[in-house]
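One letter stands for each residue in the lines below.
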Amino acid sequence: MFGRLGAPEIILILLVVLLFGAKRLPDMARSFGQSLRILKSETKAMQKDDSDEPSTEHTAAALQTASQNRQTARAAAEAETSPNR
């Protein structure tokens, strides 16, 4: 399974874990997946729509989800850096 991972790949993985912390990686992956789903749905909506403007329903939903993701990330960062630990 790990036969194709070389030293540079392992160093990169360790560097990412050290920089962001093991606790925040699942949240970051989750928000990245949500962003990709939004991008995919927006792309499909734009392809369906013959006009140059994307639909406002999809745009509003995407903006709301992005705002929620930013708030979650900020709360996680504040919780991790709080002096109460």
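Refer to the structure printed above.
As a starting point, this report considers the structure included with it. (Residues numbered from 1 in each chain as written. Predicted model: local features only at pLDDT ≥ 70, side-chain atom pairs only at ≥ 80, totals over all residues. Heavy atoms only, no water.)

1. Some thoughts on the pattern of salt bridges
Tallied over the entire structure, the rule returns 1 salt bridge. Close ionic contact of Asp27 with Arg30 constitutes a salt bridge, the shortest N to O distance being 2.8 Å. Here Arg30 and Asp27 lie together in helix α2 (residues 25–48), a separation of 3 residues that amounts to about one turn. The exposure class assigned to Asp27 is partly exposed, which follows from its relative accessible area of 33%. On the basis of relative accessible area, Arg30 is assigned to the partly exposed category, the value being 47%. (Salt bridge = Lys/Arg side-chain N within 4 Å of Asp/Glu carboxyl O. Helix = DSSP H or I, 4+ residues; strand = E, 2+ residues; numbered from the N terminus. Buried < 20%, exposed > 50% of the residue type's maximum accessible area, 1.4 Å probe, protein only.)

2. Some remarks on a nonpolar patch on the surface
A cluster of nonpolar residues, Leu5, Ile10, Ile13, Leu14 and Val17, forms a patch on the protein surface that exposes about 400 Å² of accessible area. Looking at where Leu5 falls in the secondary structure, it is placed in the segment before α1 (7–20). Taking the relative accessible area as the measure of exposure, Leu5 reaches 35% and is therefore partly exposed. (Patch = residues over 30% accessible without salt bridge, like charges linked within 9 Å, V, L, I, M, F, W, Y side chains within 5 Å. Areas by Shrake-Rupley, 256 points an atom, 1.4 Å probe, with all protein chains shown as cover.)

3. So, the side chain of Asn69
Looking at where Asn69 falls in the secondary structure, it is placed in helix α3 (residues 56–81). Of the residues examined, Asn69 reaches a relative accessible area of 16% and is grouped as buried. With residues near it in sequence (within four places) discarded, Asn69 still touches Ser31, Gln34 and Ser35. (Contact = heavy atoms within 4.5 Å.)

Distances and angles like these do not, on their own, reveal function.
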